[in-house]
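Architecture and fold: a report
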Amino acid sequence: MAHMYIALVDTPGFFAALIRGFLRQRYIHVVIASDAELREAYSVGRRNPAVPVFAGFEKEDKNRILRAFPTAYYRICELECTEAQKRGIMKQLQEDYQRRFHIHYAVLGLPFILMNIPFFIRDQYTCSSYIAKVLQENGIRIAGKHFSLVTPKDFYAYGRMRVIFEGRLCEIADGSPCCKASCCKMTCHKLSCCNTACAKIEGVTAYE
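Model, not experiment: these values are computed from the prediction.

**Some points on unusual backbone geometry**
For Asn 116, which is not glycine, the phi torsion reads 60° and is therefore positive. For Asn 116, the position within the fold is in the loop between helix H4 (110-114) and strand S7 (124-125). In this structure Asn 116 comes out as exposed when scored by relative accessible area, which is 52%. Non-glycine residue Asp 123 carries a positive phi angle of around 65°.

Structural data, given as structure tokens:
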């Protein structure tokens, strides 16, 4: 067996607050990664963490994000898959990264999500719909609906993932003072900060 990693993200900002109000939960952004430390991670989101206007497909840089959002909060989940599925997913992510400037955030699709009407324009996605589509094309279905309607809430509710970390981004960011701290109020057992070698978290609830 192999694993992919899904990070649910809470960041500050006006646009994030609007999405948070719609979803009624803390986490409003979704990231997919090959490893628990998010060293190779991808998402459809801000091209520059400090500038919300320009959004598309990007490789996530957690240290750059930390500089823009020092209070960013992450929930990292482990998703079981086969070796073949992981190879297929990573191949697609890496190929899309090579053409990343052709993949854009589906702003026009947001009203359709509110109306529960499937909507898709080639190379336009939300963070959730892109990851849901990639997973679905590799045999992993997150929700029983069209991928364009998948939201971070569906990833939060998906029962086949194991939470391995929940806490501030600084706790896993390479070289940050918070990462070097012995515990930094993390809700993991036997913390190994930068390696995120955490036991399963119990009793974590959504933001209401």
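Further notes follow.
**With respect to the nonpolar core**
Membership of the largest hydrophobic core comes to 37 residues, with the highest contact counts inside it found for Ile 32, Leu 93, Leu 135 and Phe 155. Mapped onto this core, the elements with two or more residues apiece are strand S1 (2-10), strand S2 (29-33), strand S3 (41-48), strand S5 (73-81), helix H3 (83-98), helix H5 (127-137), helix H6 (152-157) and strand S8 (161-168). Excluding residues within four positions of it along the chain, Ile 32 makes contact with Met 4, Tyr 5, Ile 6, Glu 40, Ala 41, Tyr 42, Ile 89, Leu 93, Ile 131 and Leu 135.

**Some points on the confidence of the model for the protein chain**
In the predicted model, the protein chain carries a mean pLDDT of 81, and 74% of its residues have values of at least 70. Confidence scores differ between elements of the protein chain, with helix H7 (residues 177-180) showing the lowest mean pLDDT of 45 and H3 the highest of 98.

**Some points on the pattern of salt bridges**
By the definition in use, this model includes 10 salt bridges. Notably, a salt bridge pairs Lys 91 with Glu 95, separated by 2.6 Å at the nearest N-O pair. Taken as a pair, Lys 91 and Glu 95 lie in helix H3 at a separation of four residues, close to a single helical turn. Arg 99 is the salt-bridge partner of Asp 96, the closest N and O atoms lying 3.4 Å from each other. Exposure remark for Arg 99: the relative accessible area of 27% places this residue in the partly exposed category. Three or more residues are tied together by salt bridges with common partners; here these are Asp 96, Arg 99, Arg 122 and Asp 123.

About the criteria used
Residues numbered from 1 in each chain as written. Predicted model: local features only at pLDDT ≥ 70, side-chain atom pairs only at ≥ 80, totals over all residues. Heavy atoms only, no water. Helix = DSSP H or I, 4+ residues; strand = E, 2+ residues; numbered from the N terminus. Buried < 20%, exposed > 50% of the residue type's maximum accessible area, 1.4 Å probe, protein only. Core = buried A, V, L, I, M, F, W, Y, C linked by side-chain atoms within 4.5 Å. Contact = heavy atoms within 4.5 Å. pLDDT = per-residue confidence, 0-100. Salt bridge = Lys/Arg side-chain N within 4 Å of Asp/Glu carboxyl O.

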